[in-house]
Amino acid sequence: MTLPSHAAIVVIGGGIIGCSTAYHLARDHKADVILLEQGKLTSGSTWHAAGLVGQLRSSASITRVLKYSVDLYKRLDAETGLATGWKMTGCLRLATNEDRWTEFRRLATTAKSFGMDMALLTPAEVKAMWPLMETGDLVGASWLPTDGQASPSDITQSLAKGARMHGAKLFENVRVIGFAMKDGRITAVQTDKGEIACEKVVNCAGQWARQVGAMAGVSVPLQPVKHQYIITEKIDGLASDAPTIRDPDRRTYFKEEVGGLVMGGYEPDPIAWDTGLPGGDVPGDWEFRLFDDDYDHFEQHMTQAIARVPALERVGVKRMINGPESFTPDGNFILGAAPECANMFVGAGFNAFGIASGGGAGWVLAQWVVDDEAPLDLWVVDIRRFSGLHRDRQWVRDRTLEAYGKHYTVAFPHEEYLSGRPAIVSPLYDRLTAHRAVFGSKLGWERPNWFAPNGIDAEDVYSMSRQNWFRPVGDEHRHVREAVGIFDQSSFSKYELTGPDALRVLDWICANDVSKPVGRLTYTQLLNTRGGIEADLTVARLGEEHFYVVTGTGFRTHDLAWIKDHIGSEMQVSVADVTEAFGTLSLMGPSARKVLQSVTKADVSNAAFPFAHVREIDIGGHSVRALRVTYVGELGWELHVPIKATGEVFDALMAAGKLFGIRPVGYRALESLRLEKGYRAWGADITPNDTPLEAGLGWAVKLRKNTDFLGRRALETINGAVLTKRFAGFTVDDPDIVLVGRETILRNGEPVGYLTSGGFGYTVGKNIGYGYVRNAEGVSDEYLATGDYELVVAMERTQATIHLEPLYDPSGERVKG
């Protein structure tokens, strides 16, 4: 075998993701692409996948990716002549309790929001569709007719043939052993058959993706887990077109195969594949191999499955499949550009739904590779959602096993993971614990979600209705509106840009004007070439060549990498992540100035320290970066304190604030406060799919200034035109309604969009939701104002009122005074 000496793009891995990516690179982009497989195509985990194909996810973009997979599998055989084994059998999801039924009613609403027709069925209707099923314990079921099943190996071989038809070159039995690198980029792929110079590499190596990434210094946080299912002998009375079944309360799934059933499940006590190799590496010779059958561990699924389908007790088992699947710490797969290496892209960690995702994931990943930019809002699967914490193999293992165990549990709103905690704590952790904080976790940081009053257990009690923290959070909310609260936001991601070209870099990537004098700060978005919002942050100018950037906790890797990606090689600028260098205390409320003035000699009056300014002030002998900004709609400051002094400054503020009733406040109150002000949350209300003009943030874009910036051309094409979607707020008076997002927006009885976020506003005393109203013919002010609006919540319609201005608008003295 003689390998080519050069290719524009090298794809590593010949499973369904690698073959799909190569196919789309060749078909859609006419790319010069080579695929390398260390064994035979499908020989990793693809060949033993169960082959269920579902489509609905909580993200509209990921649902679109999965719907694309189904569309591709339907037609691929006509193109390549190789069957995919696709059968559109539909899928039944069973509910045996009221919490699950509420979850399904919300899922059915989400499905309709995303243009899919999910029905809710009675137990009798389920029995009629699946006569062999025991339905006596059912509350009901959801039914998505467009789901189905396919043959993983057949799909992959069909994709591989299609890739070759469009010019891609595929090579088997070629092992990647390293990379030649220069200036943080891969210049060549080194294999046991020779070297291939290339411009870009796509790591689709499945359970080996972590090891392949490590060769280039890239972290791919995966954990192989042993996943088992059985294939039974033929079952009398089982229809060949029987719907696939997901029975989450019994933690099992079923699909028909050659007259019998494939049955597997997701147990709460999964078994990691501890390979025994250094670092948990997967053996390179694991080709078409399985583990020994483990009926003792599988018995829990067998017991539940027989209770659901009694015929299983009388039928033989043809085969048990016990193979490794790659799972991730949050249950979402991994796509995108690696932050550590400028030209490596990753498609891996598909959590046992790689077959459902394969077609669509290859489609968007190929586009991402060609454009160096995601084509959709793919944040929930973006590799840049991870951080340095995810290099810890033990932490990844523990969290991944927990995520696996939650695969079929009820998805309660606001539920937190428990494993690997606490991983990162601020200096205030013990102090806040003493105040009875109930913590959540964000990118490893422990953050106070709420504070439990005496008489209430300091822990979350999950529910599909109002949860146990609802009233305490309301008290915290009101306290910030009426007095003063202090938030520990030390987990904020923080960067410093310094050097002669620091302003030039920021002026190019920021949509708003950051060329303000020293001492000013700017709220701005960072845009992609489509004008979509890639980041939402503040930029404080500390010196002529010194800027301080603050963004959300979870966006640390993403936003830093986006900034670095858009710095030209000729630029003289240094970028540093200083997240751990500063604690952050947000002092908010009408009495915030009184508290702050009592602990510093600096003049913090409005004349001396106006809104949107930054000052270095002294508190207790410590120099503090004070940013006059608010995310709650009250007078306030973010105080960025040297990390070791955070406790002392907190103590000083609490002592001085005692006279004014100061109290610590958590993130759940922060969320309700921002909802009342209409402040957008990135990743929910504003995403790479949304432009500032659509999001009502046009005021934060420097289109009137004669300065080019990333995304300007895209915005200029729609500026002044009637937009086809616009951001709006909605309130619901019914106190029993719980808004969580993805509820359908109806205008005059017709669906026009869905909520991107939802919650409760304690000051206004109403449920609040935000979302985009869509209309292909344009969404004018008149269109918005003249409609009669309802929201569909868990499949029930409820009257709603639209709002185009903030629901809470205090006097100017509180925010800017």
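Residues numbered from 1 in each chain as written. Predicted model: local features only at pLDDT ≥ 70, side-chain atom pairs only at ≥ 80, totals over all residues. Heavy atoms only, no water.

Enquirer: I keep staring at the layout of surface pockets and nothing clicks. Help me out?
Expert: The rolling of a water-molecule-sized probe over the atoms marks out the regions of remaining empty space. Reported here for the second largest pocket is a volume of approximately 950 Å³. For the second largest pocket, the lining is made up of 44 residues, of which Ala338, Pro339, Arg384, Ala561 and Asp565 are closest to its centre. Looking at the lining of the second largest pocket element by element, the count peaks at 8 residues for helix α13 (residues 556-565). Considered class by class, the residues forming the lining of the second largest pocket number 22 nonpolar, 7 polar and 15 charged. (1 Å grid on protein atoms, 1.4 Å probe; cavity = no way out; pocket = protein on both sides within 12 Å on 5 of 7 lines; lining within 4 Å. Points joined across faces, edges and corners; volume = space filled by probe spheres on them. Helix = DSSP H or I, 4+ residues; strand = E, 2+ residues; numbered from the N terminus. Nonpolar A, V, L, I, M, F, W, Y, C, P; charged D, E, K, R; others polar.)

Enquirer: Just checking my understanding: could you explain the packing of aromatic side chains for this structure?
Expert: Scanning all chains against the criterion turns up 27 aromatic pairs. With a centroid separation of 4.6 Å and 50° between ring planes, the pair formed by tryptophan 273 and tryptophan 286 is classed as tilted. Here tryptophan 286 lies in the loop between β16 (271-272) and α7 (295-308) and tryptophan 273 lies in the loop between β16 and α7, a separation of 13 residues in the sequence. According to the relative accessible area criterion, tryptophan 273 is buried, its value standing at 8%. Among the residues examined, tryptophan 286 registers a relative accessible area of 7% and is labelled buried. With 6.4 Å between their ring centres and 15° between their planes, phenylalanine 412 and tyrosine 462 make a pair best called stacked. (Phe/Tyr/Trp six-rings, centres within 6.5 Å; stacked < 30°, edge-to-face > 60°. Buried < 20%, exposed > 50% of the residue type's maximum accessible area, 1.4 Å probe, protein only.)

Enquirer: I'm lost on the sheet that holds strand β30 (residues 622-627) in this one. Help?
Expert: Sheets are built from strands that pair by backbone hydrogen bonding, the pairs being arranged parallel or antiparallel. Read from one edge to the other, the open sheet built from 6 strands follows the order β29-β30-β31-β28-β22-β32, with strand pairing classed as mixed. Both outer strands of the open sheet, β29 (614-619) and β32 (663-664), are each paired with one neighbouring strand and no more. Pairing geometry for strand β28 (residues 582-588) and strand β31 (residues 636-642), over 7 bridges, is antiparallel. Paired with threonine 584 across the bridge in β31 is histidine 640. On top of the sheet, helix α15 (residues 646-657) reaches β22 (485-488), β28, β29, β30, β31 and β32; it is set at about 15° to β28, its chief contact. (Pairing = 2+ DSSP bridges. Contact = heavy atoms within 4.5 Å. Axes fitted to C-alpha atoms, helices over the stretch in contact; angles between N-to-C directions.)

Enquirer: Sorry, what's going on with the confidence of the model for the protein chain here?
Expert: The predicted structure's coordinates, where accompanied by low pLDDT, should not be read in detail. The predicted model of the protein chain averages 95 in pLDDT, with 99% of residues at 70 or higher. The low-confidence segment residues 812-817, where pLDDT is below 50, has 21 contacts with residues more than four positions distant or belonging to other chains. (pLDDT = per-residue confidence, 0-100.)

Enquirer: Hey, could you run me through the side chain of histidine 477 in this one?
Expert: Residue placement: histidine 477 occurs in helix α11 (residues 470-482). Of note is the side chain of histidine 477, whose polar atom sits 3.1 Å from the side chain of glutamate 676. With residues up to four places along the chain from it excluded, the contact list for histidine 477 reads Ala669, Ser672, Leu673, Glu676, Tyr762 and Thr763. (Polar contact = N/O pair within 3.5 Å; in protein donor to acceptor, adjacent residues only side chain to side chain.)

Enquirer: Looking at this model, I keep getting lost on the nonpolar core. Mind explaining?
Expert: The nonpolar side chains of a soluble globular protein tend to be buried, and buried together. Ile9, Val11, Leu25, Leu159, Val202, Leu335 and Leu378 are the most contacted members of the largest nonpolar core, which totals 52 residues. Elements that contribute at least two residues to this core include exactly β1 (6-12), α1 (16-29), β2 (33-36), α2 (60-80), α5 (152-165), β18 (334-337) and α8 (354-371). No other element matches α8, which puts 9 residues into this core. Dropping the residues within four chain positions of it, leucine 25 is found in contact with Ile9, Val11, Lys30, Ala31, Val33, Ala366, Val369 and Val370. Judged by nonpolar contacts, the second largest core, of 35 residues, contains Phe171, Cys198, Val201 and Val282. (Core = buried A, V, L, I, M, F, W, Y, C linked by side-chain atoms within 4.5 Å.)

Enquirer: Just checking my understanding: could you explain unusual backbone geometry for this structure?
Expert: Between arginine 421 and the following residue, proline 422, the backbone shows a cis peptide bond with an omega angle of -10°. With respect to the helices, strands and loops of the structure, proline 422 is situated in the loop between α9 (393-405) and α10 (429-434). Phi at asparagine 173 takes a positive value of approximately 60°, unusual for a residue other than glycine. Structurally, asparagine 173 is set in the loop between β8 (169-171) and β9 (176-182). With a relative accessible area of 33%, asparagine 173 lands in the partly exposed category.

Enquirer: Is there a simple way to think about the pattern of salt bridges in this case?
Expert: Side-chain pairs of opposite charge can arise whenever the charged atoms involved come near each other. Taken as a whole and judged by the stated rule, the model has 45 salt bridges. A salt bridge links glutamate 415 to lysine 406; the nearest nitrogen and oxygen atoms lie 2.9 Å apart. Where arginine 541 meets glutamate 544, a salt bridge forms, and the shortest distance between an N and an O atom there is 3.3 Å. Residue classification places arginine 541 among the buried positions, given a relative accessible area of 8%. (Salt bridge = Lys/Arg side-chain N within 4 Å of Asp/Glu carboxyl O.)

Enquirer: Which parts of the structure should I look at to understand the sheet that holds strand β24 (residues 521-527)?
Expert: Judged by pairing direction, the sheet is antiparallel, and its 5 strands sit side by side in the order β24-β25-β26-β23-β27 without closing on themselves. Both edges of this open sheet fall to β24 and β27 (574-577), since each of them pairs with a single strand only. Going from strand to strand, the sheet's axes swing by 25° on average, the running direction of each strand aside. Sheet topology note: the strand β23 (residues 493-498)/β27 ladder contains 4 bridges and is antiparallel. In the sheet register, tyrosine 495 faces β27, and the bridge partner there is aspartate 577. With respect to the sheet, α13 is in contact with β23, β24, β25 (533-543), β26 (546-551) and β27, its orientation differing from that of β23 by roughly 20°.

Enquirer: Sorry, what's going on with the packing of α1 against α5 here?
Expert: Helix packing geometry: the angle between the two helix axes and the distance between the axes. Packing of α1 against α5 brings their axes to within 8 Å, and their N-to-C directions diverge by 30°. With respect to each other, α1 and α5 are oriented roughly parallel. Seen from above, α1 lies across α5 with left-handed handedness. Where α1 abuts α5, its residues Ile16, Cys19, Ser20, Ala22, Tyr23 and Ala26 lie against Ile155, Thr156, Leu159, Ala160, Gly162 and Ala163. (Parallel < 35°, antiparallel > 145°, perpendicular 65-115°, else oblique. Left-handed = near helix turned anticlockwise from the far one by under 90°.)

Enquirer: Which parts of the structure should I look at to understand α11?
Expert: Along an α-helix, residues three or four apart share an orientation, since each turn contains 3.6 residues. In this model, α11 (13 residues) spans 18 Å end to end at C-alpha, consistent with the 18 Å of a helix rising 1.5 Å per residue. When we look at burial in α11, the residues that qualify are Phe470, Pro472, Val473, Gly474, Glu476, His477, His479, Val480 and Arg481. (Expected span 1.5 Å × (residues − 1).)

Enquirer: Quick question: what am I supposed to make of the packing of α2 against α8 here?
Expert: Across the interface, α2 lies against α8 with an axial gap of 7 Å and an inter-helix angle of 100°. Relative to α8, α2 is oriented roughly perpendicular. Taking contact as the criterion, the partners of Arg64, Val65, Leu66, Tyr68, Ser69, Leu72 and Tyr73 in α2 are, on α8, Ile355, Ala356, Ser357, Gly358, Gly359, Gly360, Ala361, Trp363 and Val364. Residues that form the contact of α2 with α8 fall into these classes: 10 nonpolar, 5 polar and 1 charged.

Enquirer: Mind showing me how you'd approach the pairing of β9 here?
Expert: Residues in a regular strand point their side chains to alternate faces of the sheet. Bridge count for β9 against strand β10 (residues 185-191) is 6 bridges, and the pairing is antiparallel. Note on β10: the bridge partner recorded for phenylalanine 179 is valine 189. Turn length for the β9-β10 hairpin, with the two strands adjacent in sequence and antiparallel, is 2 residues, and the turn residue aspartate 183 shows positive phi of about 55°.

Enquirer: For this particular structure, what's the right way to read the pairing of strand β33 (residues 725-732)?
Expert: The buried fraction of β33 is high, at 7 of 8 residues. Pairing geometry for β33 and strand β36 (residues 766-774), over 8 bridges, is antiparallel. Each bridged residue has a counterpart across the sheet, and for glycine 729 the counterpart in β36 is tyrosine 770. Sheet analysis places β33 next to strand β38 (residues 796-803), joined by 3 bridges and oriented antiparallel. Bridged to glycine 729 within β38 is histidine 803.

Enquirer: Before we go on, may I ask you to explain helix α3 (residues 98-113) in this structure?
Expert: The terminal C-alpha atoms of α3, which comprises 16 residues, lie 22 Å apart, in line with the 22 Å expected from a rise of 1.5 Å per residue. The set of residues buried in α3 consists of Arg100, Trp101, Thr102, Glu103, Phe104, Arg106, Ala108, Thr109, Thr110, Ala111 and Ser113. Against the buried residues of α3 lie β4 (91-95), β5 (119-121), β6 (140-144), β34 (744-747), β35 (750-761) and β37 (789-793). Measuring from the backbone nitrogen of aspartate 99 back to the side-chain oxygen at the start of α3 gives 3.3 Å, which picks out asparagine 97 as the cap. Downstream of α3 by a residue or two, glycine 115 has a phi angle that is positive, lying close to 80°.

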